[in-house]
Amino acid sequence: MSNVHVLPVLPFADNALDPVISANTLSFHYGKHHKTYVDNLNKLVTGTELADLSLEQVIAASSGRADKVGIFNNAAQIWNHTFYWNSLTPRGGGEPPAALKQKIEADFGTVEGCKQELVAAATTQFGSGWAWLVQDGGKLKVVKTANANVPSTEGMKPLLVIDVWEHAYYLDYQNRRVDYVNATIDRLINWGFAEKNLG
Ligand code: MN
């Protein structure tokens, strides 16, 4: 029986992130971009040996395969966007919860140092991509990935992510990616979600 990939329900109302991320941006980003990746993947895997696999299995099976680039890109973008929505929360930002804060201070010195690395990764990713807080061999790190790429294919465990594709911010911030990134980290970032993802 083939597995139908579905667009997950947003964890907040479409105007809940306003004014940092407007309802207009969310309507396109979630309702058009994220949905299109789901529709594309369902079309691409139908009738192939990947049709029965879960989303995570499709990502693992298509990663690095020259003949499966389209499948990988759409599958990874579904996963990345779901992870991004969960990395945001209407009353986010502020101080991380105690267990995460302790690990951040151990690996970055200060919470501010971690935030600065996230801003640097998000603003220096050339073109489309993602800025991540990950756990790598027990240590927290900030990494960036291009296009649809996911840290899990490199053996790293994602804790949270910021989307830096232009479609994530252009309607609200135009070219000012740094303003979108700073506002998102200061007001929306869901440290509690990151803590739950600690291995
Ligand atoms: Mn996006």
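This structure is a prediction, so every number in the text was calculated from the model and none was measured.

K.L.:
Got a minute to help me understand the overall build of the protein in this structure?
P.N.:
Across its full length, the protein holds eight helices and three strands. The helix and strand sequence of the protein, counted from the amino end, reads α-α-α-α-α-β-β-β-α-α-α. For the protein, whose C-alpha radius of gyration is 17 Å, the value lies close to the compact-globule estimate of 16 Å for 199 residues. Expressed along its principal axes, the backbone C-alpha trace of the protein runs to roughly 50 × 40 × 30 Å. A buried classification covers 48% of the 199 residues belonging to the protein. Taking the intrachain contacts of the protein between residues at least 6 apart in sequence as the baseline, contacts between residues at least 24 apart amount to 69%.

K.L.:
I would appreciate a short explanation of the pattern of salt bridges in the present structure.
P.N.:
A side chain of one charge can pair with a side chain of the opposite charge if their charged atoms are brought near each other. Scanning all chains against the criterion turns up eight salt bridges. The closest approach of N and O atoms between aspartate 67 and lysine 68, which form a salt bridge, is 3.4 Å. We classify lysine 68 as buried; its relative accessible area is 9%.

K.L.:
Explain the packing of helix α2 (residues 55-62) against helix α3 (residues 69-86) here, please?
P.N.:
To characterise two packed helices, one gives the angle between the axes of the helices and the distance between these axes. With their axes 9 Å apart at the nearest point, α2 and α3 run at an angle of 140 degrees to one another. With respect to α3, the axis of α2 lies oblique. Both α2 and α3 take part in a crossing whose hand is left-handed. On the side of α2, the interface is formed by Leu55, Glu56, Val58, Ile59 and Ser62, while α3 contributes Ile71, Phe72, Ala75, Ala76, Ile78 and Trp79. Of the residues belonging to the contact of α2 with α3, the class tally is nine nonpolar, one polar and one charged.

K.L.:
Can you help me understand the sheet that holds strand β2 (residues 139-146) in this one?
P.N.:
Strand pairing within a sheet occurs via backbone hydrogen bonds; the two strands may be parallel or antiparallel. Across the sheet, three strands lie side by side as β2-β1-β3; this open sheet has antiparallel pairing. The sheet is open, and its two edges are formed by β2 and β3 (157-163), each paired on a single side. Adjacent strand axes in the sheet meet at a mean angle of 25 degrees, parallel and antiparallel pairs treated alike. Bridge count between strand β1 (residues 129-136) and β2: eight bridges; the pairing is antiparallel.

K.L.:
Whenever I open this one, the coordination of the manganese ion confuses me. Can you help?
P.N.:
Ideal geometry at a metal centre: 109.5 degrees between donors when four sit tetrahedrally, and 90 or 180 degrees when six sit octahedrally. With distances of 2.0 to 2.1 Å, the protein atoms coordinating the manganese ion are His29 (NE2), His81 (NE2), Asp163 (OD) and His167 (NE2). Written as a sequence motif, the donor residues of the manganese ion are H-x51-H-x81-D-x3-H. With histidine 81 in helix α3 and histidine 167 in the loop between β3 and α6 (170-173), this residue pair connects regions lying 86 residues apart in the sequence. The exposure classification of histidine 81 matches that of histidine 167, with both residues buried.

K.L.:
Mind showing me how you'd approach the side chain of serine 22 here?
P.N.:
Here serine 22 lies in the segment before α1 (23-45). For serine 22, the side chain forms a polar contact with the main-chain nitrogen of threonine 25, separated by 3.0 Å. In this structure, serine 22 is in contact with Asp14 and Asp172, ignoring residues within four places of it in sequence.

K.L.:
Can you walk me through the packing of helix α4 (residues 98-108) against helix α5 (residues 111-124) in this structure?
P.N.:
Running from N to C, α4 and α5 cross one another at 75 degrees; their axes reach a closest spacing of 8 Å. It follows that α4 is roughly perpendicular to α5 by the angle criterion. Note on element contacts: α5 touches α4 through Val111, Gly113, Cys114 and Glu117, opposite Lys101, Ile104 and Phe108. Grouping the amino acids of the contact of α4 with α5 by side-chain chemistry returns four nonpolar, one polar and two charged.

K.L.:
Looking at this model, I keep getting lost on the pairing of β1. Mind explaining?
P.N.:
Regular strands have side chains that alternate between both faces of the sheet. Summarising burial for β1: seven of the eight residues are buried, a large majority. Counted along the chain from β1 to the antiparallel partner β2, the turn is two residues long, and its residue glycine 137 has a positive phi close to 60 degrees.

K.L.:
Looking at this model, I keep getting lost on the side chain of asparagine 197. Mind explaining?
P.N.:
Examined against the element boundaries, asparagine 197 turns out to sit in the segment after α8 (191-196). A polar contact is formed between the side chain of asparagine 197 and the backbone oxygen of phenylalanine 193, at a distance of 3.1 Å. Leave out the neighbours within four places in its chain, and asparagine 197 touches Phe83, Gln135, Lys157, Pro158 and Leu159.

Rules and cut-offs
All chains use their own residue numbering, which begins from 1 and follows the written sequence. Per-residue local features are limited, in this predicted model, to residues with pLDDT of at least 70; the limit for side-chain atom pairs, both in listing and counting, is 80 or more; totals at the level of whole chains, interfaces and linings are taken over all residues. Side-chain metrics in this entry use all non-hydrogen atoms of the structure; hydrogen atoms and water are not considered. The helix count covers DSSP runs of H or I at least four residues long, the strand count covers runs of E at least two residues long, and both are numbered beginning at the N terminus. For this measure, only C-alpha atoms enter the radius of gyration; the expected value for a globule follows 2.2 Å times N^0.38, where N is the number of residues. Exposure classes here rest on a 1.4 Å probe applied to the protein chains alone. A residue is buried below 20% of its type maximum, exposed above 50%, and partly exposed in between. Residue contacts follow a heavy-atom distance rule, with two residues in contact if any of their heavy atoms lie within 4.5 Å. Definition used for salt bridges: Asp or Glu carboxyl oxygen within 4 Å of a side-chain nitrogen of Lys or Arg. Angles shown run from 0 to 180 degrees and are taken between the N-to-C directions of axes, each axis being a line fitted to C-alpha atoms and, for helices, limited to the stretch in contact. Just so you know how the angles are binned, under 35 degrees is roughly parallel, over 145 roughly antiparallel, 65 to 115 roughly perpendicular, and the rest oblique. Working rule for handedness: look at the near helix, and if it is turned counterclockwise from the far one by less than a right angle, call the crossing left-handed; if clockwise, right-handed. Classification convention: Asp, Glu, Lys, Arg as charged; Ala, Val, Leu, Ile, Met, Phe, Trp, Tyr, Cys, Pro as nonpolar; all other residues, Gly among them, as polar. What makes two strands pair is DSSP finding at least two bridges between them. Ligating atoms shown are N, O and S within 2.8 Å of the metal, or 3.2 Å for Na, K and Ca, and water is not included, meaning a site may look less than complete. Here a polar contact is taken to be a pair of N or O atoms separated by no more than 3.5 Å, where protein atoms must pair a possible hydrogen donor with a possible acceptor and residues adjacent in sequence count only if both atoms sit in side chains.

The values are spatial; any link to function lies outside them.
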